[in-house]
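Results of the structural survey
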Amino acid sequence: MHFADEALVVTNPEVSSVRDSDRILGMLNSKTKRAIEGKDPIKEHLLITRYNPNRVEGGHMLSLEDIHEILRTPLIGVIPESEVVLQASNQGSPAIHMQGTDVSEAYKDVISRFLGEDKPMRFIEAVKPSLFKRLFGGK
């Protein structure tokens, strides 16, 4: 961290995780070589993982707006909460290699944004169950 030019701060939409990220951002602004020498600050990016818009709507998780209000750091991406991450971990494979999944696509979007592409944020809106699923059940 001391010699960094850019930082990708990863947080979950939970109060304790956001607080920890706020501490890290404070350290980036005061303890790095750039800060000590009075140079331009480190370029910071925020990545939110384990995001579930349905849980946000239910008040069980911080919203993107809540997180931005606390951290005030540019958002580079949102990775949806998914069991795919656990599956990939159990297989010893990066989640981005789980082709065709929301998680893989979200990580690809983050990479594109980091490299300067303009990509819309995906996986941030709650998905309402279809009439068929409401009538007959299911996830």
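Our subject is the structure that appears above.
Rules used throughout
Residues numbered from 1 in each chain as written. Predicted model: local features only at pLDDT ≥ 70, side-chain atom pairs only at ≥ 80, totals over all residues. Heavy atoms only, no water. Polar contact = N/O pair within 3.5 Å; in protein donor to acceptor, adjacent residues only side chain to side chain. Helix = DSSP H or I, 4+ residues; strand = E, 2+ residues; numbered from the N terminus. Buried < 20%, exposed > 50% of the residue type's maximum accessible area, 1.4 Å probe, protein only. Pairing = 2+ DSSP bridges. Axes fitted to C-alpha atoms, helices over the stretch in contact; angles between N-to-C directions. Contact = heavy atoms within 4.5 Å. Core = buried A, V, L, I, M, F, W, Y, C linked by side-chain atoms within 4.5 Å. Lys, Arg positive; Asp, Glu negative; His and termini not counted. Salt bridge = Lys/Arg side-chain N within 4 Å of Asp/Glu carboxyl O. Arc of directions from axis to C-beta.

Some remarks on helix H5 (residues 83–91)
The N-cap residue of H5 is serine 82: its side-chain oxygen and the backbone nitrogen of valine 84 are 3.0 Å apart. Positive phi shows up at glycine 92, right after H5, with a value of about 70°.

Digging into the environment of glycine 58
Here glycine 58 shows up in the loop between helix H3 (53–57) and helix H4 (64–71). The exposure class of glycine 58 is partly exposed, given its relative accessible area of 46%.

Describing the sheet that holds strand S1 (residues 6–11)
With parallel pairing, three strands are arranged side by side in an open sheet as S1-S2-S3. Looking at which strands have only one partner, the edges of the open sheet turn out to be S1 and strand S3 (75–80). Going across the sheet, the axis of each strand differs from the next one's by a mean of 20°, ignoring polarity. Bridge analysis of strand S2 (residues 43–51) against S3 gives four bridges, and the strand direction is parallel. From the neighbouring strand, isoleucine 48 faces S3, where its bridge partner is valine 78. This element, helix H1 (residues 15–30), spans S1 and S2 of the sheet and lies at about 165° to S1.

Quick look at the nonpolar core
In a soluble, globular protein the nonpolar side chains are often hidden away together inside. Counting residues in each nonpolar core, the largest one holds 17 residues, and the members touching the most others are Leu28, Leu46, Ile48, Tyr51, Ile67 and Leu71. Every element with two or more residues in this core is listed here: S1, H1, S2 and H4. Among the nonpolar cores identified, the runner-up in size contains 10 residues, and Ile76, Val84, Ala88 and Ala95 belong to it.

A closer look at the side chain of glutamate 44
Among the structural elements, glutamate 44 can be located in strand S2. Arginine 34 provides the closest opposite charge to the buried, unpaired glutamate 44, separated from it by 10 Å. Those residues in contact with glutamate 44 that sit more than four places away from it in its chain are Ala7, Leu25, Leu28, Asn29, Thr73 and Pro74.

What about the pairing of S2?
Among the nine residues of S2, seven are classified as buried, and the element is accordingly described as predominantly covered. Bridge count between S1 and S2: six bridges; the pairing is parallel. Residue pairing in the sheet places valine 10 in a bridge with leucine 47 of S2.

Things to note about the side chain of serine 21
Among the secondary structure elements, serine 21 is positioned in helix H1. Among the polar contacts listed, one links the side chain of serine 21 to the side chain of threonine 11, at a separation of 3.1 Å. Setting aside chain neighbours within four positions, we find serine 21 in contact with Val9, Val10, Thr11 and Leu71.

Points about the pattern of salt bridges
By the definition in use, this model includes 11 salt bridges. Arginine 122 is paired through a salt bridge with glutamate 105; the nearest N and O atoms lie 3.5 Å apart. Linking arginine 122 in the loop between helix H6 (102–114) and helix H7 (131–136) with glutamate 105 in helix H6, this pair joins segments that are 17 residues apart in sequence. Salt bridges sharing common partners tie together Glu105, Lys108, Asp109, Lys119 and Arg122.

Notes on H4
Listed as buried for H4 are Leu64, Ile67 and Leu71. Projected down its long axis, H4 carries its buried residues within an arc of 65°, all on one side. In this structure, H4 carries Glu65 and Glu69 as exposed residues pointing more than 90 degrees from its buried face. Summarising the contacts, the buried residues of H4 are in contact with S1, H1, S2 and S3. The first or second residue beyond H4 is arginine 72, which carries a positive phi of 50°.

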